[in-house]
Amino acid sequence: MTSDPTRHDATLLDAAVGAIPIRCVTEEGWQAVEAGLPPFQRSFAAATGFRPKAGRVALLPGEDGVLGLVLLGLGEVKEGHRDRFLAGKLPGALPAGDYRFEPCDALDAGEAALAWLLGSYRFDRYRKPGDPSPRLVAPDGVDAAAVGRIARAVTAGRDLINTPANDLGPAEVEAATRTLGERFGAAVAVTAGEDLAKEFPLVHAVGAASPRAPRLIDLTWGAQDAPRVTLVGKGVVFDTGGLDIKPASNMLLMKKDMGGAAAALAAAEMIMGAGLPVRLRLIVPSVENAIAGDAFRPGDVIRSRAGLTVEIGNTDAEGRLILADALALADAEEPDLILDFATLTGAARVALGPDLPAFFTEDEGLAGAVAEAALRVNDPVWRLPLHPPYASQLDSKVADLNNAPGGCFAGAITAALFLRRFVRRTRAHVHFDLYGWNPSTKPGRPEGGEVQTARLAYALVAERYRRKL
């Protein structure tokens, strides 16, 4: 779970002689900015038709003819909103060189610096490296080390999601976790083989058909007497759907079905990197949902780690199965907080779209804290209800519950209600149902894998345990 900061420029410069200034311009402020430009720059901006629309960039020459000033349009606030990561467009719009932001009341310097680093991301493992990326001088008052830590964790998580399944199986997820653990002095234990079948039967059943053995990865870090925080991430490295096989079009992005594990790993890296005063536990059940003679079947009944029997209504609802065993393990310790992350349901995407993960919790105070942290760090989520009457849809005639009830309604809610059955002791539990992918490039959010809710989780833990970010 480490990344090469030089490859993605996930660092800020302390200083740079001759760094090119970037001036942010709003619609309402453009007239004054334009009037203050030297005549030749004003003429150049006019000739190129620059207007300060959101995300527009103008490269203005200096007196010597080389690049002397960058204008970044911030547009106007529409319906109370302006994209807070607009600065993330600049790395893809500027030539190589060193740059610095001029002070700007309309732009938060820390967010702008983070957006720049996140927008510098490239996944070039399978391609020749591109041209050098532009570099940014840390704005005054910004903790460059903290911003860099967050950006590097996001980079590492994105790399995991973007890596195709032929190069990222359960063993590679384990290796990434061990590398992360070694970096911070954490302990990592792995359960596999016959022990997995005995201790985590649902995880074993889902991964049994793959030649790449399933496993449960368990990392612990921090002082024994510190508040216990447990992160659980769904690590399905590829999901065929199993015997309830997906159509080809639905398999195209299934390398991202371990996006929950990537988000949990990224959040763990941020927490450990900041030295937050918690006892951190990271649990990742990692499997490939494949098809073979020993694949689990619709109609099978499997006894979970928690003792509840589960009838398999659909083998393509495998994520909740592996999470059930992992959450039972997490809950047995009764930690102060459990956060689980999963690319779990298409229903959440239909309801909220790809940019807005759903979250579920019964703890009203915790729900408010999640919403506040999401807003504060620009990592948006939306709460959906754990509507108790829908729990009856999980009923089975032959087992304690069914993993995939029939019908087309409330799929994200029933999945969350299924998971709730395996967290009985810990009230402070949040389930994130995320997409893990940017369908198109936006400022600071390149097309491809995304560790949604990782920055939110870090901010939540930092605030909850009173350590300034």
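Residues numbered from 1 in each chain as written. Predicted model: local features only at pLDDT ≥ 70, side-chain atom pairs only at ≥ 80, totals over all residues. Heavy atoms only, no water.

The protein chain appears in an unreviewed UniProt entry as Leucyl aminopeptidase family protein from Methylorubrum rhodesianum.

A. Looking closely at the UniProt feature "domain: Cytosol aminopeptidase" (unreviewed entry) in the protein chain. Here, the residues flagged by UniProt with the feature "domain: Cytosol aminopeptidase" (unreviewed entry) are residues 314-321. With 38% helix and 0% strand, residues 314-321 has its two end C-alpha atoms placed 11 Å apart. (UniProt positions renumbered as here; feature names shortened; annotations may be inferred. Helix = DSSP H or I, 4+ residues; strand = E, 2+ residues; numbered from the N terminus.)

B. Broad picture of the packing of aromatic side chains. Overall, the coordinates contain 7 aromatic pairs when judged by the stated rule. Judged by centre distance (6.3 Å) and plane angle (85°), the ring pair of Phe-101 and Trp-116 falls under edge-to-face. In this pair, Phe-101 sits in strand E4 (residues 98-101) while Trp-116 sits in helix H4 (residues 109-119), placing the two residues 15 residues apart along the sequence. Accessibility classification places Phe-101 together with Trp-116 in one group, the buried group. Ring centres of Phe-418 and Phe-422 lie 5.3 Å apart, and the angle between their planes is 45°; on these two criteria the pair is classed as tilted. Taken individually, Phe-418 and Phe-422 each receive the classification buried, so the pair is uniform in this respect. Through a chain of ring-to-ring contacts, the aromatic side chains of Tyr-99, Phe-101 and Trp-116 assemble into a single cluster. Above the ring of Tyr-121, the side-chain terminus of Arg-158 is found at 5.3 Å from the ring centroid. Its end group placed over the ring of Tyr-435, Lys-256 keeps NZ or CZ at 4.2 Å from the ring centre. (Phe/Tyr/Trp six-rings, centres within 6.5 Å; stacked < 30°, edge-to-face > 60°. Buried < 20%, exposed > 50% of the residue type's maximum accessible area, 1.4 Å probe, protein only. Lys NZ or Arg CZ within 6 Å of the ring centre and 35° of its normal.)

C. Highlighting the nonpolar core. Membership of the largest hydrophobic core comes to 90 residues, with the highest contact counts inside it found for Phe-101, Leu-231 and Phe-432. When residues in this core are grouped by element, the largest group, 11 residues, is from helix H10 (residues 259-274). For Phe-101, the residues in contact, after removing those within four places along its chain, are Ile-22, Cys-24, Ala-87, Leu-90, Leu-107, Ala-112, Trp-116, Leu-136 and Pro-139. With 44 residues, the next largest nonpolar core counts Leu-216, Leu-386, Ala-412 and Ile-413 among its residues. (Core = buried A, V, L, I, M, F, W, Y, C linked by side-chain atoms within 4.5 Å. Contact = heavy atoms within 4.5 Å.)

D. Quick peek at the packing of helix H6 (residues 170-184) against H10. It is at 11 Å that the axes of H6 and H10 come closest, and there the two elements cross at 5°. Taken together, the axis directions place H6 and H10 in an arrangement best described as roughly parallel. In this structure, H6 uses Thr-177, Leu-180, Arg-183 and Phe-184 to contact H10, whose residues at the interface are Leu-265, Ala-268, Glu-269, Met-272 and Gly-273. Looking at the contact of H6 with H10, its residues break down into 5 nonpolar, 2 polar and 2 charged. (Axes fitted to C-alpha atoms, helices over the stretch in contact; angles between N-to-C directions. Parallel < 35°, antiparallel > 145°, perpendicular 65-115°, else oblique. Nonpolar A, V, L, I, M, F, W, Y, C, P; charged D, E, K, R; others polar.)

E. The arrangement of the sheet that holds strand E16 (residues 401-402) in detail. Read across the sheet, 3 strands follow the order E11-E12-E16 without closing on themselves; strand pairing throughout is mixed. One side of each edge strand has no neighbouring strand; the edge strands of this open sheet are strand E11 (301-303) and E16. Inspection of the sheet shows strand E12 (residues 309-311) paired to E16 by 2 bridges, in the parallel sense. Its bridge partner being in E16, Val-310 is matched across the sheet by Leu-401. (Pairing = 2+ DSSP bridges.)

F. Expanded view of the sheet that holds strand E1 (residues 20-26). Strand order across the open sheet formed by 5 strands is E2-E3-E1-E4-E5, with mixed pairing between neighbours. Looking at which strands have only one partner, the edges of the open sheet turn out to be strand E2 (57-61) and strand E5 (135-136). In this structure, E1 lies alongside strand E3 (residues 67-75), joined through 5 bridges in parallel fashion. Looking at the pairing, Val-25 lines up with Gly-73 of E3.

G. Spatial organisation of the layout of surface pockets. Of the voids in this model, the largest pocket is the one considered here, and its volume is about 770 Å³. Contributing to the lining of the largest pocket are 37 residues, with Asp-316, Leu-344, Thr-345, Gly-346 and Ala-347 lying nearest its centre. Every element with two or more residues in the lining of the largest pocket is listed here: helix H9 (248-251), helix H11 (319-332), helix H12 (346-352) and helix H14 (411-420). Ranked by residue count, the leading element in the lining of the largest pocket is H12, at 4 residues. For the lining of the largest pocket, the class distribution of residues is 14 nonpolar, 13 polar and 10 charged. (1 Å grid on protein atoms, 1.4 Å probe; cavity = no way out; pocket = protein on both sides within 12 Å on 5 of 7 lines; lining within 4 Å. Points joined across faces, edges and corners; volume = space filled by probe spheres on them.)

H. Focus on the pairing of E4. By the bridge criterion, 3 bridges tie E1 to E4 in an arrangement that is parallel. Its bridge partner lying in E4, Ile-22 is registered against Phe-101. Looking at chain direction, E4 and E5 are connected through 2 bridges and run parallel. Bridge assignment links Tyr-99 to a residue of E5, and that residue is Leu-136.

I. Here's a closer look at the packing of H4 against helix H5 (residues 144-162). Viewed as axis vectors pointing N to C, H4 and H5 meet at an angle of 30°, and their least axial separation amounts to 10 Å. Here H5 runs roughly parallel to H4, going by the angle between their axes. You can see that H4 and H5 cross each other, and the crossing is right-handed. Here H4 contributes Gly-110, Ala-113, Leu-114, Leu-117 and Leu-118 to the contact with H5, which in turn contributes Val-147, Gly-148, Ile-150, Ala-151, Val-154 and Arg-158. (Left-handed = near helix turned anticlockwise from the far one by under 90°.)

J. Representation of the environment of Thr-441 within the structure. Here Thr-441 lies in the loop between strand E18 (437-438) and strand E19 (448-449). Linking Thr-441 and Ala-45, residues 396 residues apart in sequence, is a C-alpha distance of 26 Å. Contacts of Thr-441, omitting those with residues within four sequence positions, involve Pro-446 and Glu-447. Within the local environment of Thr-441, its side chain forms a polar contact with the backbone nitrogen of Glu-447, the two atoms lying 3.0 Å apart. (Polar contact = N/O pair within 3.5 Å; in protein donor to acceptor, adjacent residues only side chain to side chain.)

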